[in-house]
Amino acid sequence: MSAIFPALPDAPIADKQPVTATHHGVTLTDDYHWLRADNWQEAMREPDKLPDDIKAYLNAENTYYEAAMADTADLQEKLIAEMRGRIKEDDSSVPRKDGPFAYNMRYAEGDEYPTYVRTPRDGGDADVLLDVNKEAAEHDYFQLGALNVSPDHKTLAWKADTNGSEFYRLRLRDLSSGEDGEHILEDVGSVAWATDTILFYVKVDKNHRPNKVYRHTIGTPQSDDVLVYEEDDLRYYVGVDRSRSGAFIEIGTGMNDENETLVIPTTTPDADPQVVQPRRQGIEYYVEHQGDDFLIMTNDNALDFKIVHAPVAASGHENWVDIVPHQQGRMIIGMSAYKDWMIWMERENALPRIRFVRAGEDPQTQAQTIAFDEEAYALGSDPSDEYDTNTFRFTYSSPTTPAQVFDYDLKTDERVLMKQVEIPSGHDPADYVTQRITAPSHDGAEVPLTILHHKDTPIDGTASCLLYGYGSYGASMPASFSSNRLSLVDRGFVYCIAHIRGGEEKGRAWYEDAKFGKKVNTFHDFIAAGEKLIADGYTAKQKIVIQGGSAGGLLVGAVLNMRPDLLAGAIADVPFVDVLNTILDDTLPLTPGEWSQWGNPIESKEAFDDIQGYSPYDNVTAQDYPAMLVAAGVSDPRVTYWEPAKWVAKLRVTKTDDNILMLRTNMTSGHFGKSGRFAALEDAGRSYAFALKAVGSV
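Our subject in this report is the structure included herewith. Being a predicted model, the structure only gives us computed values, none of them experimental.

## What about the overall build of the chain?
The helix and strand tally for the chain stands at 14 helices and 39 strands. Expected size for 698 residues packed as a compact globule is a radius of gyration near 26 Å; at 25 Å, the chain falls within 12% of this value. Along the first, second and third principal axes, the C-alpha atoms of the chain reach 70 × 55 × 50 Å. For the chain, the residues scored as buried account for 57% of the 698 residues in total. Long-range pairs, those at least 24 residues apart, make up 57% of the contacts in the chain with a sequence separation of at least 6. Surface exposure of the chain reaches about 27,200 Å², of which carbon and sulfur atoms provide 46%. Of note, the chain has its 66 positive side-chain charges centred 2 Å away from the centre of its 111 negative side-chain charges.

If you want it as structure tokens, here you go:
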């Protein structure tokens, strides 16, 4: 099916300026290498510094996009109005009790951003801590990062990014006066308070690697800060946190599939960090403090993870004792420790559950489970900031049920609904159908699919479908509620999430079976999902629009090359499509840490061949492709703007069809698009208008 677009000006054609490089005896020619700015690091911070020729090409593509989508302007406005109508504008979060106060965030009607406030613990007048609307007023883009209150509740550490580059500036606010201190800390990653006046933070280097931990004292300049830890392994990224018990600063360093934790007692913040367990190849472990022990979630001889404990004074691997043993196919995905309780979340058959046990009791015989009845649903763990408590908070939603926030009393098993997300324009879950089916992939693997459609949508092959996937880094796609999706579903679309390999929906093996040379399983699974939806009458060939972002954009790009005949359209958001060139370039921010996912093509001919075999940019061929909408962000440090730009340039002169191909680059933001709860709806409105147009529904 070919979407109808208005008469258009000629599409931009990028110049070819061939650059060659030879690896493992193979010569690669890249006609569009010039789109990568030599000063990309500078331009990431200051987009105006982008070279004129690159800026001109990106702007030409944006102009072409505007012309191509001009006839959907009214539809986009209608979609945005619908989506905004489902957002409760005067809203607030459930207060979180911490010491003498209860903290929460509130939105006033019309506010793009929240205001953070606190009241006395048991209620009373609210004091404003941070009005993000006020701070964002002079910026086109504003993303709030850390928001950490000191142990004595007198100082607020907060950081913000104002251009999408993810280089954050940290400020310290005196909560008695509401004024920020004179010293600003630049390029800050994570933050953790040790004492009332001392905090630890991670500093990000010029290549966007968070690799150094500093100790800062309130009232002193950043130049006086003390370097506490520096990570020399380019594959590892560093973060800091404060244990819930308040006893330790935890320094976590690692990559996707391997890590190490160091601790510093908060009573002696100038002490040297001590390693809990030295790093070992392929071993992950995550630490919680409880009494005299560390509770540790690890994959050590446990593919789907287990929980062990060890004395704080002797925390090495040789002293680890299992308390929740490994069980194949049941993956432990998170753990929290209170003074008297251990709570963990696990996933089996793509469905999560929460389990808990009192400290000192046997989890194998005395653990309790918080379970749910719907066919597909999502859970979110939101443990208390307080260590000595019996209350555990979690969120529940499903594709048909808006999010609910519960407080669960671990002593009495009482579950209290604290908040039900409201849909002001109205929502009846009974109007919608959620189903969980499986699709057989090319090798027999059964791929779970979560399907949402309106009860009146005929399942006879006449409906259009938006098929969404990700499939990388072990990230599992939750079967959660999204009010935005209803704008497609109410127009007769079937919405499907494919829980493909590369995620961990079916355990760690589901992830491992899509790494290195097995990455193609991800793409075959997605194709199998489309074929299953067609076979079961949910949709038909060339009525499917696929969507994915970042590594999900790699998925979209690969499937476009492999099976374009299935599709009416494709939406690729900040897509990771120039995989081979990126993973060959160890000067890029993320590359060294990526080798544990894809292989190292610099050193390995096998990895080079594997990646070259599926990299979307390298496999564009002279064939028909469906209509395509590609989105990029000029300040994006994760998927640099030139990846989608090069891909579109190559597609435009290679493909053999007349279907529309559009690149829209946000010239003032990065990986996550527009900021603000309403401004961000523009991205969704744009994507959904394209999807409707691609299937001929406009």
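Let's pick the thread back up.
## So, the nonpolar core
Across soluble globular proteins, nonpolar side chains have a tendency to be buried as a group. Core analysis: the biggest nonpolar cluster contains 76 residues, and Y57, L449, L467, I546, M628 and W647 have the highest contact counts within it. Those residues in contact with L449 that lie beyond four places of it in its chain are Q435, R436, I437, A439, C496, I497, A498, H499, A529, K532 and L533. With 38 residues, the next largest nonpolar core counts Y64, L466, M477 and A551 among its residues.

## Re the sheet that holds strand β20 (residues 285–290)
Backbone-to-backbone hydrogen bonds pair the strands of a sheet. The strands run either parallel or antiparallel. Spatially, four strands are ordered β20-β21-β22-β23 in an open sheet, and the strand pairing comes out antiparallel. Here the strands that pair on one side only, and so sit at the sheet edges, are β20 and β23 (321–324). Across the sheet, the mean angle from the axis of one strand to that of its neighbour is 35°, orientation sign disregarded. Sheet topology places strand β21 (residues 293–298) next to strand β22 (residues 306–311); six bridges connect them, and they run antiparallel. Residue D293 lies in a different strand from β22, and its bridge partner there is P311.

## Describing the pattern of salt bridges
One pass over the full model with this rule turns up 50 salt bridges. D71 is the salt-bridge partner of K693, the closest N and O atoms lying 2.6 Å from each other. Of this pair, K693 sits in helix α14 (residues 681–694) while D71 sits in the loop between α2 (52–68) and α3 (73–85), placing them 622 residues apart in sequence. Accessibility expressed as a relative area gives 3% for K693, which makes it buried. Using a relative accessible area of 41% as the deciding quantity, one classes D71 as partly exposed.

## Some words on α14
Compared with an ideal rise of 1.5 Å per residue, which puts 14 residues at 20 Å, α14 spans 20 Å between its outermost C-alpha atoms and is within 8% of the ideal. With respect to burial, α14 is a largely interior element, 12 of its 14 residues being buried. Buried within α14 we find L681, A684, G685, R686, S687, Y688, A689, F690, A691, L692, K693 and A694. Once α14 ends, the next one or two residues include G696, with phi positive near 80°.

Each value, and the rule that gives it
Sequence positions are assigned chain by chain, starting from 1 and proceeding in written order. Thresholds applied to this predicted model are a pLDDT of at least 70 for local features of residues and 80 or more for the giving and counting of side-chain atom pairs; totals over whole chains, interfaces and linings are not thresholded and use all residues. Values reported for side chains reflect all heavy atoms of the structure, with hydrogen atoms and water molecules removed beforehand. The way it works is that DSSP assigns letters per residue, a run of H or I at least four long becomes a helix, a run of E at least two long becomes a strand, and they are numbered from the N terminus. Atoms counted for the radius of gyration: C-alpha only. Globule rule: 2.2 Å times residue count to the power 0.38. Burial here depends on accessible area, computed with a 1.4 Å probe over protein chains only, as a share of the maximum for the residue type. Under 20% is buried, over 50% is exposed, and the range in between is partly exposed. Two residues qualify as a contact provided that any one of their heavy atoms is within 4.5 Å of a heavy atom in the partner residue. With residues, only the protein chains shown are counted as cover, and all accessible areas are computed by Shrake-Rupley using a 1.4 Å probe. In this tally Asp and Glu are treated as negative and Lys and Arg as positive; neither His nor the chain ends contributes. Here the site of a charge means NZ on Lys, CZ on Arg, CG on Asp, or CD on Glu. Note on terminology: a nonpolar core comprises buried Ala, Val, Leu, Ile, Met, Phe, Trp, Tyr and Cys residues joined through side-chain atoms within 4.5 Å. For two strands to be treated as a pair, DSSP must find at least two bridges joining them. Here an axis means a line fitted to C-alpha atoms, over the contact stretch when the element is a helix, while the angle between two N-to-C directions is reported on a 0 to 180 degree scale. Every case where a carboxyl oxygen of Asp or Glu lies within 4 Å of a side-chain nitrogen of Lys or Arg is listed as a salt bridge. Multiplying one less than the number of residues by 1.5 Å gives the expected span of a helix.

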